[in-house]
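As a plain string of letters, each chain reads:
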Amino acid sequence: MAVPVAFFALFFAYPVTAIVGRGLKAEGDWQLGRIGEVLSRPDILDVLWFTTWQALASTALTLLIALPGAYVFARFDFPGKQVLRAVVTVPFVLPTVVVGTAFLALLGRGGLLDELWGVRLDTTVWAILLAHVFFNYAVVVRTVGGLWSQLDPRQEEAARVLGAGRFAAFRRVTLPALAPAVAAAALMVFLFTFTSFGVVQILGGPAYSTLEVEIYRQTAQLLDLPTAAVLTLVQFAAVGGILAVHAATVRRRERALKLVDPAQTSRRPRGAGQWALLGGVLLTALLLILLPLGVLVERSFDGPGGYGFGYYQALQSVGAGGSSTFLVPPLEAVGNSLRYALVATLIALVVGGLAAAALTRRAGRLVRGFDALLMLPLGVSAVTVGFGFLITLDKPPLDLRTSWILVPLAQALVGVPFVVRTMLPVLRAVDDRLREAAAVLGASPLRAWREVDLPLVRRAVLVAAGFAFAVSLGEFGATVFIARPDNPTLPVAVARLLGRSGELNYGQAMALSTILMLVCAVSLLLLERIRTDRSGEF
């Protein structure tokens, strides 16, 4: 636990505590009265209300649209199922900047809806809600569908034989078994939408602001650290409560159910109703997922002189079209992001691997508390972490403010939870007797790990590395503060281009977003291939 604890203490707890302390201290004394002052302001109350309201609405809408998909993936076997599973998962690993850009191309000025029917939905709450459903659809399908596929269908069939109708059997038998998984998925969707930044920043306009967006505005634009500090504390408390409820829900699910092999529950659709349900899910995937991404790609090729590679070619020069957005060609952001993401992946694998190994020991409350700590970077304001890096890591022996390593460190904070969640179940499944046998035969702990654990968890390490790489590649909230102007990342470059007027800047943003989407999609397809390889499945 020593290395993960030191990493999180130095690069997470220290920056967050420092930024909050600067906001709530005056002349060395704590000014806790500022909390009440900030939370009583009408504009802040509006932000809190909208943050909570849109998170609840996004969660409900996601469940409504995604639960039929979870059932189809759990119970039906059809051609192209694995490809469709990968397709619906692509949005979850996409950077929020790309999601916002895709929906801007679909719903914004000059977008597909604007061209066809003269309708614009950008700067409306509907654009935000639809983008959140797009982003979180896979969370429900994977979480609920994964459990649904392992529920024994004979229990519901027995209820039908005893006289229960289809709906009654589902409500009394299947739904109670699925309830913990549905609750866990809902809590995760609520967490991601409650802390939404990139989507709201791009689609919401000045009228809508979540806590994360308001923290960014108060910090970067208004330099109001007291208000930003109070909002950070509010978000921290809310996220802590959500994670505590989520952990209890997951433990309940693990204790309550006896599961079967998913291969025993999947079959071809039967009857018109089931084929109609499958068709509806396919149509939903087409309209909700493929259409925004397709429009994004189409806009990246639609230049002033017709379709071509004009916007992609403009990425190779500085100040194309009179723009001074970058000190270097925007295309260099591709190489920067890949290098940063690779380093961040290595850091996340080391820190997350050690943390997962420590958590397998089940050493009581201390380890459970450590487990919760590892999840906090997913919900705590990345904006606060990024700005905290700038004001804390600026003195020897950790004067990193001008160092390139600062970006991978911030990205690794987001990657570590994915590494832990991927590797932990596999490490816990390794039989301790194998390690003990190796020790009896004279193997050192290091050799026992190399000869016993590593071959068994190698595939999990590859999957964890893929997830860490994808989320590192798309990290935006922290890197928007710490990425240097001469070394921008892809999400930062896209945001800068969207922040400037002009058709060329807009087109280049679409082109960069398409490149970023393709890199993330390829990473996910490789993960899906590794995950479904039966020769070494874990």
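Residues numbered from 1 in each chain as written. Predicted model: local features only at pLDDT ≥ 70, side-chain atom pairs only at ≥ 80, totals over all residues. Heavy atoms only, no water.

**Remarks on helix α18 (residues 406–429)**
Consideration 1: In this model α18 runs 35 Å from its N-terminal to its C-terminal C-alpha over 24 residues, within 8% of the 34 Å that 1.5 Å per residue would give.
Consideration 2: At V414, α18 shows its strongest bend, of approximately 35°, with the proline P417 following within four residues.
Consideration 3: Counted residue by residue, α18 has 20 buried out of 24 residues, so it is predominantly covered. (Helix = DSSP H or I, 4+ residues; strand = E, 2+ residues; numbered from the N terminus. Expected span 1.5 Å × (residues − 1). Bend = angle between axes of the 7 residues up to and from the residue. Buried < 20%, exposed > 50% of the residue type's maximum accessible area, 1.4 Å probe, protein only.)

**Structural notes on a positive patch on the surface**
Consideration 1: A contiguous patch of positive charge, built from R160, R166, R267 and R270, is present on the exposed surface.
Consideration 2: With respect to the helices, strands and loops of the structure, R166 is situated in helix α9 (residues 166–194). (Patch = residues over 30% accessible without salt bridge, like charges linked within 9 Å, V, L, I, M, F, W, Y side chains within 5 Å. Areas by Shrake-Rupley, 256 points an atom, 1.4 Å probe, with all protein chains shown as cover. Salt bridge = Lys/Arg side-chain N within 4 Å of Asp/Glu carboxyl O. Lys, Arg positive; Asp, Glu negative; His and termini not counted. Charge placed at Lys NZ, Arg CZ, Asp CG, Glu CD.)

**Looking at the layout of surface pockets**
Consideration 1: Computed from the structure, the second largest pocket encloses a volume of approximately 710 Å³.
Consideration 2: In terms of lining, the second largest pocket is formed by 23 residues, of which the most central are Y71, W148, E156, R166 and F170.
Consideration 3: For the lining of the second largest pocket, the elements supplying multiple residues, two or more each, are α3 (42–75), α8 (153–161), α9 and α13 (271–301).
Consideration 4: Ranked by the residues each element gives to the lining of the second largest pocket, the list is headed by α9, at seven residues.
Consideration 5: Residue composition of the lining of the second largest pocket, by class: ten nonpolar, six polar and seven charged. (1 Å grid on protein atoms, 1.4 Å probe; cavity = no way out; pocket = protein on both sides within 12 Å on 5 of 7 lines; lining within 4 Å. Points joined across faces, edges and corners; volume = space filled by probe spheres on them. Nonpolar A, V, L, I, M, F, W, Y, C, P; charged D, E, K, R; others polar.)

**Quick notes on the nonpolar core**
Among soluble globular proteins, nonpolar side chains are generally buried collectively.
Consideration 1: If you look at the biggest cluster of nonpolar residues, it comprises 167 residues, and the most contacted ones within it are F7, L94 and F389.
Consideration 2: By residue number, the principal contributor to this core is helix α7 (residues 125–148), which donates 16 residues.
Consideration 3: Not counting chain neighbours up to four residues away, the residues in contact with F389 comprise F11, P15, L406, L409, A410, L413 and I482. (Core = buried A, V, L, I, M, F, W, Y, C linked by side-chain atoms within 4.5 Å. Contact = heavy atoms within 4.5 Å.)

**Regarding unusual backbone geometry**
Leaving glycine aside, a negative phi is the common case for residues, and trans is the common case for peptide bonds.
Consideration 1: Unusually for a residue other than glycine, L223 sits at a positive phi of about 55°.
Consideration 2: Within the secondary structure layout, L223 lies in the loop between α11 (211–221) and α12 (225–256).
Consideration 3: Overall, the relative accessible area of 65% leaves L223 in the exposed class.

**A closer look at empty space enclosed by the protein**
Consideration 1: Per the counting criterion, the structure on display carries four cavities of 30 Å³ or more.
Consideration 2: Of the volumes computed, that of the largest cavity is approximately 620 Å³.
Consideration 3: Along the walls of the largest cavity sit 32 residues, with T96, F135, F192, L378 and V414 positioned nearest its centre.
Consideration 4: The greatest single-element share of the lining of the largest cavity, amounting to four residues, is contributed by helix α20 (residues 445–474).
Consideration 5: Considering only residue class, the lining of the largest cavity consists of 18 nonpolar, twelve polar and two charged.

**Overview of the side chain of T345**
Consideration 1: Secondary-structure assignment places T345 in helix α15 (residues 332–359).
Consideration 2: Those residues in contact with T345, other than ones at most four positions away along the chain, are A465, A468 and F469.

**With respect to the environment of G507**
Consideration 1: If you trace the backbone, G507 turns up in helix α23 (residues 503–531).
Consideration 2: Note on G507: relative accessible area 0%, which makes it buried.
Consideration 3: Placed 208 residues apart in sequence, G507 and R299 show a C-alpha to C-alpha distance of 6.9 Å.

**Description of the environment of T123**
Consideration 1: Within the element layout of this structure, T123 appears in the loop between α6 (112–117) and α7.
Consideration 2: For T123, a relative accessible area of 40% translates into the label partly exposed.
Consideration 3: A C-alpha to C-alpha distance of 36 Å links T123 and Y14, two positions 109 residues apart in sequence.
Consideration 4: Setting aside residues up to four positions removed in sequence, T123 forms contacts with L203, G204, G205 and Y208.

**A word on the side chain of Q411**
Consideration 1: Along the chain, Q411 falls in helix α18.
Consideration 2: In contact with Q411, other than residues within four places in its own chain, are Y340, A341, A344, S472, E475, T479 and T489.

**Observations regarding the packing of aromatic side chains**
Consideration 1: Here the structure, examined in full by the defined rule, presents 21 aromatic pairs.
Consideration 2: Ring centres of F92 and F135 lie 6.0 Å apart, and the angle between their planes is 45°; this geometry places the pair in the tilted category. Of the two residues, F92 is situated in helix α4 (residues 81–93) and F135 in helix α7; the sequence distance between them amounts to 43 residues. With respect to class, F92 is no different from F135; both count as buried. (Phe/Tyr/Trp six-rings, centres within 6.5 Å; stacked < 30°, edge-to-face > 60°.)

**A closer look at the confidence of the model for the chain**
Consideration 1: Across the chain, pLDDT averages 82, with 90% of residues at or above 70.
Consideration 2: When pLDDT is averaged over each element of the chain, α3 comes out on top at 93 and helix α16 (residues 365–375) at the bottom at 69. (pLDDT = per-residue confidence, 0-100.)

**Considerations on the pattern of salt bridges**
Charged atoms that come close allow side chains of opposite charge to pair.
Consideration 1: One pass over the full model with this rule turns up five salt bridges.
Consideration 2: The shortest N-O distance in the salt bridge between R299 and E115 comes to 3.4 Å. Here E115 lies in helix α6 and R299 lies in helix α13, a separation of 184 residues in the sequence.
Consideration 3: Note on E115: relative accessible area 53%, which makes it exposed.
Consideration 4: Put simply, E214 and R217 hold a salt bridge, and the shortest N to O gap is 2.7 Å. With E214 and R217 both in helix α11 and three residues apart, the pair spans about one turn of that helix.
Consideration 5: What makes E214 buried here is its relative accessible area of 3%.
Consideration 6: Each of E115, E298 and R299 takes part in one network of salt bridges that share partners.

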